[in-house]
Amino acid sequence: MSDRELSDPITMRLPLDVLAEIEEIAGICDRSRSWVFVRALKSYLVAEGREIIELERARREVDAGLGHDLDDVVDEVDAIVKGAVA
C-alpha cells in the first residue's frame, strides 16, 4: 500500500459511457477505478490544468503591472536584430 496521504472519498456523477471506459481500462489493467481516475486526473493536470493555472498567474502579473508593452518588446527585438546584422 502507498504511503501517500489520501483525501476523504469524493462522490461524482459521470456520463455512463465515460464510466464504462474507465471500468474497461481498470479491468484490462487489473486496477481499481480509483487508479484509473487518478491517472486520468494527473494527465489532465499536467496538460490543460497546468495551462489554466499558468494563464491565471500571467493575468495576475499583468494586472499587477508586471507585464511588458508589446510595442516596446517588438522595438527592442528589432534593435537587437538590426545590431546583429550590422
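In this text the structure is predicted, and so the values were computed from the model without any measurement.

## Focus on the packing of helix H1 (residues 16-29) against helix H2 (residues 33-63)
Look at H1 against H2: their axes get within 8 Å of each other, and the N-to-C directions meet at 110 degrees. Relative to H2, the element H1 lies roughly perpendicular. Note on element contacts: H2 touches H1 through Arg33, Trp35, Val36 and Phe37, opposite Leu19, Ile22, Glu23, Ile25, Ala26 and Cys29. Its residues assigned to classes, the contact of H1 with H2 shows 8 nonpolar, no polar and 2 charged.

## Things to note about a positive patch on the surface
Together, Arg4, Arg31, Arg39 and Lys42 give the surface a local cluster of positive charge. Take Lys42: it is sitting in helix H2.

## Observations concerning the pattern of salt bridges
For side chains of opposite charge, pairing can occur when their charged atoms come near one another. Overall, the coordinates contain 3 salt bridges when judged by the stated rule. A salt bridge links Arg59 to Glu56; the nearest nitrogen and oxygen atoms lie 3.6 Å apart. In this pair, Arg59 and Glu56 are both assigned in helix H2, 3 residues apart and thus about one turn of the helix distant. Judged by relative accessible area, Arg59 falls into the partly exposed class, the value being 48%. Residue Glu56 is classed as partly exposed on the basis of its relative accessible area, which comes to 33%. Several salt bridges converge on common partners, so that one network encompasses Glu56, Arg59 and Arg60.

Analysis parameters
- Residues numbered from 1 in each chain as written.
- Predicted model: local features only at pLDDT ≥ 70, side-chain atom pairs only at ≥ 80, totals over all residues.
- Heavy atoms only, no water.
- Axes fitted to C-alpha atoms, helices over the stretch in contact; angles between N-to-C directions.
- Helix = DSSP H or I, 4+ residues; strand = E, 2+ residues; numbered from the N terminus.
- Parallel < 35°, antiparallel > 145°, perpendicular 65-115°, else oblique.
- Contact = heavy atoms within 4.5 Å.
- Nonpolar A, V, L, I, M, F, W, Y, C, P; charged D, E, K, R; others polar.
- Patch = residues over 30% accessible without salt bridge, like charges linked within 9 Å, V, L, I, M, F, W, Y side chains within 5 Å.
- Areas by Shrake-Rupley, 256 points an atom, 1.4 Å probe, with all protein chains shown as cover.
- Salt bridge = Lys/Arg side-chain N within 4 Å of Asp/Glu carboxyl O.
- Lys, Arg positive; Asp, Glu negative; His and termini not counted.
- Charge placed at Lys NZ, Arg CZ, Asp CG, Glu CD.
- Buried < 20%, exposed > 50% of the residue type's maximum accessible area, 1.4 Å probe, protein only.

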